[in-house]
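Topology and contacts: notes
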Amino acid sequence: MKTRITELLGIEYPIIQGGMAWVAEYHLASAVSEAGGLGLIGGANAPGDVVRDYIRKTKERTSKPFGVNVMLMSPYADDVAKVVVEEGVKVVTTGAGNPGKYMDMWKSAGIKVIPVVASVALAKMMEKAGADAVVAEGTESGGHIGEATTMTLVPQVVDAVKIPVIAAGGIADGRGMAAAFMLGAEAVQVGTRFVVAKESIVHENYKQRIIKAKDIDSTVTGRSHGHPVRCLRNQMTREYVKLEQEGKSFEELEYLTLGALRKAVVDGDVTHGTVMAGQIAGMINKEQTCKEIIDEMMAQAEALLKGAR
Ligand code: TUI
């Protein structure tokens, strides 16, 4: 299945792994790239040198293309933005902001830049600034989200820009992938299904929460402060939403969630920690290798798209 994205990135299949905070480290990124997709290291809130180490470890594990996601709300974003240039990373995606100020530096280093956007306005701005593609991420996604759904956002972004569009949010099998292609996407970004991949280092408790999740088990914290984050409902989200309704400030609530993602991913505390996951968690019911996930998605999507053409 050749598209402008497989050509641009030099990958076999149009499947990109989400650059998920704490989850998307070098084991997962190299496994996805080895399986023919694009693996991503999630810079998240990590300092530049940690990301540098992850980049080097990924290179030891795969000679195939991989990328780094720069989380723009991170206090280390400036550092990580330089590290990707110094380490010769070929592909950068960005999240949770506007990467405009890094664009020239990345483009002159020959990096393919793919901002994640949640609106048509940002997609157009990024195309003007020289982006090679955009990820249009719907509100079904886990983690930090926008307002529009994948079904409505993807075709509107496709109509608004000439660069290729990657669809994200609620896509975890070949049906979702085929649907995204019908909307005009030329690749998909998959997060939640890769969280439960065999190569993913997240705590077993976290994987089991996703595997056992039902369709309506996710909720969104932080809407009232303009920092909406989708995660699975637990004691932490119940307390957060209660305090939010009581009008507590963003700073007080941040204190509650500080380190909460690490608590869930690394320590396996899925009661007090943040279990970020997308709405499609309810459909994900087993742990598989990245290769099994990608092969299965490709076979299903190709069969469906053959019938549709
Ligand atoms: O970035 C993501 N997803 C993330 S980042 C993350 S780490 C985190 N942890 C705790 C609290 C906050 C973040 C977890 N998940 N996805 C990409 C994405 N970007 N979704 C939405 C956006 C976005 C939203 C607003 C991009 C730009 C924007 O406005 C840009 C502007 O300044 O106009």
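Structure: above.
Residues numbered from 1 in each chain as written. Predicted model: local features only at pLDDT ≥ 70, side-chain atom pairs only at ≥ 80, totals over all residues. Heavy atoms only, no water.

**Topic: the overall build of the protein**
The secondary structure content of the protein amounts to 14 helices and eleven strands. Taking 19 Å as the expected radius of gyration for a compact globule of 309 residues, we find that the protein reaches 18 Å, a close match to that expectation. Seen through its principal axes, the protein has C-alpha atoms that stretch 50 × 45 × 40 Å. Burial status across the protein gives 54% buried among its 309 residues. Across the protein, the fraction of contacts at a sequence separation of at least 24, relative to all contacts at a separation of at least 6, is 62%. Carbon and sulfur atoms make up 53% of the accessible area of the protein, which totals about 13,100 Å². (Helix = DSSP H or I, 4+ residues; strand = E, 2+ residues; numbered from the N terminus. Rg over C-alpha atoms; globule rule 2.2 N^0.38 Å. Buried < 20%, exposed > 50% of the residue type's maximum accessible area, 1.4 Å probe, protein only. Contact = heavy atoms within 4.5 Å. Areas by Shrake-Rupley, 256 points an atom, 1.4 Å probe, with all protein chains shown as cover.)

**Observations concerning the environment of R209**
Among the structural elements, R209 can be located in helix 10 (residues 204-212). Counting along the chain gives 124 residues from R209 to V85, while the straight-line C-alpha distance between them is 37 Å. Beyond its immediate chain neighbours, meaning those up to four positions away, R209 contacts L232, R233, N234, V270 and V275.

**Structural notes on the site of the ligand**
In the neighbourhood of the ligand, 14 residues make up the surrounding shell, with A96, G97, V116, E137 and H144 lying closest. Looking at side-chain class alone, the shell around the ligand contains eight nonpolar, five polar and one charged residues. (Near = heavy atom within 4 Å. Nonpolar A, V, L, I, M, F, W, Y, C, P; charged D, E, K, R; others polar.)

**Observations concerning the packing of aromatic side chains**
By the definition in use, this model includes two aromatic pairs. Their ring planes at 35° and their centres at 5.2 Å tell us that Y102 and W106 sit as a pair that is tilted. Of the two residues, Y102 and W106, neither departs from the other in class, the shared state being buried. (Phe/Tyr/Trp six-rings, centres within 6.5 Å; stacked < 30°, edge-to-face > 60°.)

**Side note on unusual backbone geometry**
One non-glycine residue, A44, lies in the positive phi region at around 45°. In this structure, A44 sits in the loop between strand 2 (39-42) and helix 3 (48-61). The class for A44 is buried, based on a relative accessible area of 12%. The backbone of A96 sits at a positive phi, close to 60°, despite the residue not being glycine. In this fold, A96 is placed in the loop between strand 4 (91-95) and helix 5 (103-108).

**Let's talk about helix 7 (residues 150-160)**
Buried within helix 7 are the following residues: T150, L153, V154 and V157. Relative to the axis of helix 7, the buried residues are bounded by an arc of 95° and lie together on one face. For helix 7, exposure combined with an orientation more than 90 degrees from the buried face picks out M151 and D159. Residues of helix 7 that are buried sit in contact with strand 5 (112-117), helix 6 (120-128), strand 6 (134-137) and strand 8 (165-168). (Arc of directions from axis to C-beta.)

**Focus on the pairing of strand 8**
Both faces of strand 8 are covered, namely the face carrying V165 and A167 and the face carrying I166 and A168. Sheet analysis places strand 6 next to strand 8, joined by four bridges and oriented parallel. Its bridge partner being in strand 8, V134 is matched across the sheet by V165. Here three bridges tie strand 8 to strand 9 (residues 187-190), and the two strands are oriented parallel to one another. Residue pairing across strands places A167 opposite V188, the latter belonging to strand 9. A crossover links strand 8 with its parallel partner strand 9, the connecting element being helix 8 (residues 174-182), and its sense is right-handed. (Pairing = 2+ DSSP bridges. Right-handed = clockwise from strand over helix to strand, strands pointing away.)

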